[in-house]
Amino acid sequence: MTVDLLLGLQWGDEGKGKIVDVLTSKYDIIARFQGGPNAGHTLEFDGIKHVLRTIPSGIFHKNNINIIGNGVVIDPVVFKSEIDGLAKFNLDLKSKLIISRKAHLILPTHRLLDAASETAKGKAKIGSTLKGISPTYMDKTGRNGIRVGDIELADFKDKYRALANKHEEMIAFYDVAIQYNLPELEKEFFEAIEDLRKLDFIDSEEYLAKAQKEGKSILCEGAQGSLLDVDFGTYPFVTSSNTTAAGACTGLGIAPNKIKEVFGIFKAYTTRVGSGPFPTEDFGDDGDVMAKVGNEFGSVTGRKRRCGWLDLVALKYAIQINGVTQLMMMKGDVLSGFETLKVCTGYNYKGEVIHHLPFNIEEENVTPIYTEFKGWAQDLTGLTTFESLPKELKDYIEFIEKEVEVPIKIISVGPDRKQTIMK
Ligand code: IMP
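Per-chain numbering applies: the sequence of each chain, read as written, is numbered from 1 onward. Only residues with pLDDT of 70 or above have their local features reported here, since the model is predicted, and side-chain atom pairs are shown and tallied only from 80 upward, although totals for entire chains, interfaces and linings are computed over all residues. Where side-chain values are given, they derive from all heavy atoms of the structure, hydrogens and water being excluded.

S.K.: Help me understand the sheet that holds strand β7 (residues 97–100) in this model?
M.R.: Read across the sheet, 10 strands follow the order β9-β7-β5-β2-β10-β1-β11-β15-β19-β20 without closing on themselves; strand pairing throughout is mixed. A strand with exactly one partner marks an edge of an open sheet, and here the two such strands are β9 (200–202) and β20 (420–422). The mean inter-strand angle of the sheet, taken between neighbouring strand axes irrespective of direction, is 25°. Strands pair, by our definition, only if DSSP identifies at least two bridges between them. Helix and strand definitions here come from DSSP, where helices need a minimum of 4 consecutive H or I residues and strands a minimum of 2 consecutive E residues; each element is numbered from the N-terminal end. Note: strand β2 (residues 29–32) against strand β5 (residues 65–68), four bridges, orientation parallel. When the sheet's bridge partners are listed, I29 is paired in β5 with I65. Only the contacting stretch of a helix is used when fitting its axis, a line to C-alpha atoms as for every element, and angles between N-to-C directions run 0 to 180 degrees.

S.K.: What's the story with unusual backbone geometry in this structure? I'm lost.
M.R.: Excluding glycine, residues mostly carry a negative phi; peptide bonds, for their part, are mostly trans. Backbone torsion omega between Y235 and P236 reads 5°, so that peptide bond is classified as cis. With respect to the helices and strands, P236 occurs in the loop between β10 (217–221) and α9 (246–252). Despite not being glycine, L130 shows a phi value in the positive range, around 65°. Summary of the burial criterion: residues with accessible area below 20% of their type's maximum are buried, those above 50% are exposed, and those between are partly exposed, where the area comes from a 1.4 Å probe applied to protein chains only. Under the relative-accessibility criterion, L130 is labelled partly exposed at 39%. Despite not being glycine, N295 shows a phi value in the positive range, around 50°. Mapped onto the elements of the fold, N295 is located in the loop between α10 (285–293) and β13 (306–308). In this structure N295 comes out as partly exposed when scored by relative accessible area, which is 43%.

S.K.: Please clarify how the pattern of salt bridges should be interpreted in this entry.
M.R.: Should the charged atoms of two oppositely charged side chains come close, the side chains can pair. The term salt bridge refers to a side-chain nitrogen of Lys or Arg lying within 4 Å of a carboxyl oxygen of Asp or Glu. For the structure on display, the rule yields 27 salt bridges. A salt bridge links R101 to D203, with the shortest nitrogen-to-oxygen separation between them at 3.4 Å. With R101 in the loop between β7 and β8 (104–105) and D203 in the loop between β9 and α8 (204–213), this pair connects stretches of sequence that are 102 residues apart. In this structure, K210 engages E214 in a salt bridge whose closest nitrogen and oxygen atoms are separated by 3.2 Å.

S.K.: Is there a simple way to think about α10 in this case?
M.R.: Structural remark: α-helix, 3.6 residues per turn; residues separated by three or four positions point the same way. Burial in α10 covers these residues: G287, M290 and A291. Projected onto a plane normal to the axis of α10, the buried residues spread over an arc of 95° and lie on a single side. Along α10, the residues that are exposed and aim more than 90 degrees away from the buried face are D285 and K292. It only takes one pair of heavy atoms within 4.5 Å for two residues to be counted as in contact. Next to the buried residues of α10 lie β13. Regarding the arc, it is the one traced by the directions from the helix axis to the C-beta atoms.

S.K.: Would you take a moment to explain the environment of E118 for this structure?
M.R.: Looking at where E118 falls in the secondary structure, it is placed in helix α4 (residues 108–121). Dropping the residues within four chain positions of it, E118 is found in contact with K125, I126, G127, S128 and L130.

S.K.: Looking at this structure, how should I read the packing of helix α2 (residues 76–86) against helix α7 (residues 182–197)?
M.R.: Two measures define how a pair of helices packs: the angle their axes make with one another and the distance between the axes. Remark: α2 packs on α7, axes separated minimally by 8 Å, with the N-to-C direction vectors making an angle of 55°. Considering the angle they form, α2 stands oblique to α7. Judged by the sense of rotation from one axis to the other, the crossing of α2 with α7 is left-handed. The residues of α7 that touch α2, namely those facing P76, V77, F79 and K80, are E188, F189, A192, I193, D195 and L196. For this classification, the nonpolar set comprises Ala, Val, Leu, Ile, Met, Phe, Trp, Tyr, Cys and Pro, the charged set comprises Asp, Glu, Lys and Arg, and every other residue, Gly included, is treated as polar. Of the residues belonging to the contact of α2 with α7, the class tally is seven nonpolar, no polar and three charged. Relative orientations are named as follows: roughly parallel for angles under 35 degrees, roughly antiparallel for angles over 145 degrees, roughly perpendicular for angles from 65 to 115 degrees, and oblique for any other angle. It is the rotation of the near helix from the far one that decides the hand of a crossing: anticlockwise by less than a right angle makes it left-handed, clockwise makes it right-handed.

S.K.: What should I look at first to understand the packing of aromatic side chains in this one?
M.R.: Each pair of aromatic rings is reported with the distance of its centres and the angle of its planes. For this analysis, a ring pair means two rings from Phe, Tyr or Trp (six-membered ring only for Trp) whose centres lie within 6.5 Å, classed as stacked if their planes differ by under 30 degrees, edge-to-face if by over 60, and tilted for the remaining angles. On inspection of all chains with the given rule, the structure shows 13 aromatic pairs. Ring centres 6.1 Å apart and planes at 75° place the aromatic pair F156 and F190 in the edge-to-face group. On the criterion of sequence distance, the pair formed by F156 in helix α6 (residues 156–174) and F190 in helix α7 is long-range, its members being 34 residues apart. Classification of F190 as buried rests on a relative accessible area of 18%. When the ring of W376 is compared with that of Y396, the centres are 6.5 Å apart and the planes differ by 65°; the resulting orientation is edge-to-face. Linking W376 in the loop between β18 (366–374) and α12 (391–404) with Y396 in helix α12, this pair joins segments that are 20 residues apart in sequence. There is no split in this pair, since W376 and Y396 are both buried. Each member of the aromatic cluster is reached from another via a ring pair, and the members are F156, Y160, F189 and F190. Two conditions define a charge sitting above a ring: the NZ of Lys or the CZ of Arg must be within 6 Å of the ring centre, and it must be within 35 degrees of the ring normal. We note K394 situated over the ring of F386; from NZ or CZ to the ring centre the distance is 5.7 Å.

S.K.: Which parts of the structure should I look at to understand the nonpolar core?
M.R.: Side chains of nonpolar character tend, in soluble globular proteins, to be buried together. To define a nonpolar core, start from buried Ala, Val, Leu, Ile, Met, Phe, Trp, Tyr and Cys residues and group those joined through side-chain atoms within 4.5 Å. Counting residues in hydrophobic clusters, the biggest one holds 57 residues, and the most contacted among them are M329, Y396 and I400. The dominant element in this core, judged by the number of residues it contributes, is α12, at five residues. Once residues within four sequence positions are removed from consideration, I400 is found in contact with F266, L310, L312, L315, M329, E405 and I408. With 34 residues, the next largest nonpolar core counts I55, L97, A164 and A192 among its residues.

S.K.: What is the right way to read the side chain of Q224 from this model?
M.R.: One can find Q224 in the loop between β10 and α9. A distance of 3.2 Å separates the side chain of Q224 from the side chain of Q34, its partner in a polar contact. Aside from chain neighbours lying at most four places away, what touches Q224 is G8, G12, E14, K16, Q34, G35, N38, A39, T239, S241 and T243. Pairing of N or O atoms within 3.5 Å defines a polar contact, subject to two protein rules: one partner must be a possible hydrogen donor and the other a possible acceptor, and residues neighboring in sequence count only if both atoms are side-chain atoms.

S.K.: How should I be thinking about the site of the ligand in this particular structure?
M.R.: Taken together, 15 residues are adjacent to the ligand, and N38, S128, T129, T239 and R303 come closest. Interatomic distance of 2.5 Å between a side-chain N/O atom of T129 and an oxygen atom of the ligand. In short, Shrake-Rupley with a 1.4 Å probe defines the accessible areas, and a residue's cover is counted only from the protein chains shown. When the ligand is considered free in solution it has 470 Å² of accessible area, and contact with the protein chains removes 97% of it. Per-class residue counts for the shell around the ligand are six nonpolar, seven polar and two charged. We call a residue near a molecule or strand whenever a single non-hydrogen atom of that residue lies within 4 Å of it.

Dropping the structure here:
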């Protein structure tokens with residue numbers, strides 16, 4: 001029996017989907033614990049590229065169960081399109097995919113509220129994916145939400161109506177121009193609910209407790225990244241869930257002392273999509289090259305990601321919060337061709353050198369301090385062993401490991417399953 005946990009250590013888009021997919025054959029159960037369709041977990045195998053939003057990244061492997069935990073928020077409409085998109089793979093979803101009754105539903109009016117709230121914020125907008133994430137979690141913590149289990153109850157439609165009416169009043173309160181046709185959105189929503197009903201709903205905490213007793217192995221899959229955590233991220237420019245390790249306990253009902261390995265995923269550089277502080281952001285050619293070579297465009301929104309150098313201050317912080325035991329470095333191949341690489345090892349903050357994330361990070365009060373490394377020209381995408389990596393990359397890896405005091409066990413050199421080097 002083992003429960004391991006895999007999560008992103010930066011601002012999301014680290015490549016969690018690929019690594020879950022690579023590791024999946026070792027686990028009986030893959031369980032997603034937070035977030036919703038704001039996530040886009042990209043998997044590539046056999047020349048196929050597929051983006052998952054709410055469904056755990058283990059879905060393509062045989063002989064495992066994929067659970068959507070209570071900490072996740074589900075938009076039935078997006079979920080339906082995700083299920084439809086999987087049809088060509090002939091997966092037995094009914095037996096492979098199960099959903100917690102306690103997961104909350106994203107209603108069409110949650111999406112509208114998200115748009116109204118962001119529009120009202122003007123320049124201070126979060127840069128939300130506008131999938132209704134924040135209003136849904138607000139209803140959850142405000143004790144107004146509708147859960148998957150409510151679908152099975154006789155008063156589901158009444159509950160829906162009461163909440164949607166309240167949302168309409170709130171949308172009007174924002175006093176911003178949001179165009180919508182609610183009956184149309186509701187038709188789509190209730191059709192999608194019928195599709196959701198075809199799957200099995202479970203009490204995931206009971207299911208997972210039983211699985212542990214039976215000696216099954218479980219991988220908890222996080223979404224977004226640690227710096228987007230609602231408590232520990234760059235608030236308010238964060239998402240609305242706990243993306244850090246504690247989120248796996250609350251989002252699945254797994255006790256903290258059951259978690260063994262914590263796999264932390266990070267990119268060899270840094271990206272961020274949406275607004276908010278990003279000390280090592282590169283506004284020049286280097287950032288542009290990273291975006292281009294790394295194909296840094298959002299898999300959900302298509303937005304260009306902001307790019308910059310690896311920030312070890314932020315990485316150490318994320319490792320500490322999560323108790324990371326093993327690191328996985330993604331997109332090492334994207335750094336090929338840079339003459340010089342930079343890694344941030346501290347910040348100049350109000351005339352002082354600091355090595356932690358200050359409460360308030362603003363461009364004018366935080367300047368990164370960089371250590372420079374010699375780059376390499378070699379294309380890494382065809383390499384399969386650690387020994388074959390260029391010396392300069394090995395030096396880069398060794399430096400990171402020394403600084404953060406956690407070993408890097410996997411180096412990814414391309415999007416395909418096969419482009420994964422184990423160390
Ligand atoms: P929301 O969670 O859609 O409201 O977005 C809040 C912030 O988190 C925005 O800056 C988004 O760009 C960012 N965000 C949300 N989900 C992801 C993700 O899966 N990858 C990267 N950024 C994300």
